[in-house]
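Descriptive analysis of the structure
Each chain, letter by letter, is given below.
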Amino acid sequence: MSIIHRTTIKPTKLELLSTWLPTRTWYRGSAAPELAKAGGFRLDDPEGEVGIEFMVVTDADGTAYHVPLTYRGAPLPDAEHALVGTMEHGVLGTRWAYDAAHDPVFVAELLALVEGRAVPQMQSVDSTPDPDIARSYQGDAELRPEGAPLDDEDGTDLHTTAGCVVRVHRRLGDSDIPPSDALGHVAGHWTTADGASVRSVFAVVLTRSA
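All of the points below concern the structure found in this document. (Residues numbered from 1 in each chain as written. Predicted model: local features only at pLDDT ≥ 70, side-chain atom pairs only at ≥ 80, totals over all residues. Heavy atoms only, no water.)

**Regarding the overall build of the protein chain**
Short version of the rule: The numbering of helices and of strands both runs from the N terminus, where a helix is a DSSP run of H or I of at least 4 residues and a strand a run of E of at least 2. A radius of gyration in this sense is built from C-alpha atoms; the matching globule rule multiplies 2.2 Å by the number of residues raised to 0.38. Each residue gets one of three labels from its accessible area relative to the maximum for its type: buried under 20%, exposed over 50%, partly exposed in between, using a 1.4 Å probe on protein chains only. We call two residues in contact whenever any of their non-hydrogen atoms come within 4.5 Å of each other. Accessible surface area values rest on a Shrake-Rupley calculation with a 1.4 Å probe, where residue burial reflects the displayed protein chains alone. Here Asp and Glu are counted as negative and Lys and Arg as positive; His is not counted, and neither are the chain ends. A charge is said to be at NZ when it belongs to Lys, at CZ for Arg, at CG for Asp and at CD for Glu.
Broken down by element type, the protein chain carries two helices and 13 strands. In terms of overall size, the protein chain behaves like a compact globule, its C-alpha atoms giving a radius of gyration of 16 Å where 210 residues would be expected to give roughly 17 Å. In terms of overall dimensions, the protein chain has a C-alpha envelope of 45 × 40 × 35 Å along the principal axes. In the protein chain, which comprises 210 residues, the proportion classed as buried is 47%. Long-range contacts, defined as pairs at least 24 residues apart, comprise 56% of the intrachain contacts of the protein chain with a sequence gap of at least 6. Accessible surface, the protein chain as shown: approximately 10,000 Å² in total, 52% of it carbon and sulfur. Across the protein chain, 17 positive and 31 negative side-chain charges occur, with their mean positions spaced 2 Å apart.

**Some thoughts on helix H2 (residues 104-115)**
Filter applied, for reference: One less than the number of residues in a helix, times 1.5 Å, gives the span that helix is expected to have. Any pair of N or O atoms that falls within 3.5 Å is considered a polar contact. Within protein, one atom must be able to donate a hydrogen and the other to accept it, and sequence-neighbouring residues count only if both atoms are side-chain atoms.
The end-to-end C-alpha distance of H2 is 17 Å, a good match for the 16 Å that twelve residues give at a rise of 1.5 Å each. In terms of residue burial, H2 counts as a mostly covered element, since nine of its twelve residues are buried. Every buried residue of H2 is accounted for by Phe106, Val107, Glu109, Leu110, Leu111, Ala112, Leu113, Val114 and Glu115. For H2, the capping residue at the N-terminal end is Asp103, with a side-chain oxygen 3.0 Å from the backbone nitrogen of Val105. Phi turns positive one or two residues past the end of H2, at Gly116, with a value near 90 degrees.

**Here we look at the pattern of salt bridges**
Defined as follows: A pairing counts as a salt bridge when a side-chain nitrogen of Lys or Arg comes within 4 Å of a carboxyl oxygen of Asp or Glu.
Enumeration over the complete set of coordinates arrives at twelve salt bridges. A salt bridge links Arg167 to Asp157; the shortest N-O distance between them is 2.7 Å. One end of the pair, Arg167, is in strand S11 (residues 164-169); the other, Asp157, is in strand S10 (residues 155-159), with ten residues separating them in the sequence. Given the relative accessible area of 13%, Arg167 is considered buried.

**Thoughts on the side chain of Asp45**
Summarising the element assignment, Asp45 is placed in the loop between strand S2 (36-43) and strand S3 (51-58). An unpaired buried charge is present at Asp45: no salt bridge exists, and Arg72, the closest side chain of opposite charge, is 6.9 Å distant. A distance of 2.9 Å separates a polar side-chain atom of Asp45 from the backbone nitrogen of Val50. Excluding residues within four positions of it along the chain, Asp45 makes contact with Val50, Ile52 and Val105.

**Details of the sheet that holds strand S13 (residues 197-207)**
Condition: One bridge is not enough; two strands pair if DSSP finds at least two bridges between them. As a rule, the C-alpha atoms of each element are fitted with a line to give its axis, helices using only the stretch in contact, and angles between N-to-C directions run from 0 to 180 degrees.
Taken together, six strands build an open sheet; the order of strands is S8-S12-S13-S11-S10-S9 and the sheet is antiparallel. In the strand order of this sheet, the two ends are held by strand S8 (134-137) and strand S9 (150-151), each with one partner. This element, H2, spans S8, S10, S11, strand S12 (184-191) and S13 of the sheet and lies at about 80 degrees to S8.

**Comments concerning the sheet that holds strand S4 (residues 64-72)**
In spatial order, the strands read S1-S5-S6-S4-S3-S2-S7; together these seven strands make up an open sheet with antiparallel pairing. At either margin of the open sheet sits one strand with a lone partner, and together these are strand S1 (9-10) and strand S7 (121-122). In the sheet, strand S5 (residues 83-89) pairs with strand S6 (residues 93-99) via six bridges, with the strands oriented antiparallel. For Gly85, the partnering residue across the bridge sits in S6 and is Ala97. Across the sheet, helix H1 (residues 13-20) touches S1, S2, S3, S4, S5 and S6, and the angle it forms with S5 is around 160 degrees. Across the sheet, H2 is in contact with S2, S3 and S4; its angle to S3 comes to roughly 80 degrees.

**Describing unusual backbone geometry**
Unlike most non-glycine residues, Asp78 shows phi in positive territory, near 60 degrees. You can see Asp78 is positioned in the loop between S4 and S5. Asp78 sits in the exposed class, given a relative accessible area of 78%. You will see that Ser127, though not glycine, has its phi angle at about 45 degrees, which is positive. With respect to the helices and strands, the residue Ser127 is situated in the loop between S7 and S8. Overall, the relative accessible area of 36% leaves Ser127 in the partly exposed class.

Okay, here's the thing in structure tokens:
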């Protein structure tokens, strides 16, 4: 289960993201964004080795970006393209932070969440489920990853052996209602700069032809 350490992290997650975000195809902000943490939640790695965080950040224009991250105690093989950066954690030492959509541990647990096999956890509280995270799945086949994740100008597609695609949204809207033809979804909450609570679809399950 998730253990939240109250300690220092250098550089901070926001500092890493301010450099990394402008390199992404789906980013629409400035070259040197001023980012603020806006919310998110966590999932547990069944093996207890990888930290999994669904993070939402906002830029100076108020655009909300969904940036799921994984945290590892050693480099993930063949994943340099997905490395956000390294951090020095006051308790755990050097941590490698990855774009989670390209980390197989995250992908497996996201699919488990969609199917209802994983329990979302509060972002900043130890071992506490987050009841505000919604999920659904109407498909018959189990969701298992197939092939490499694909980034485009809007998000990241995770193909599955069930003949459908899990699309990870990167820029969040102001609705938590998935498309009418969706087979499933994950929705959560985040907070604007003025303190308003917003709910958005974080990921949606679509037929592969969609």
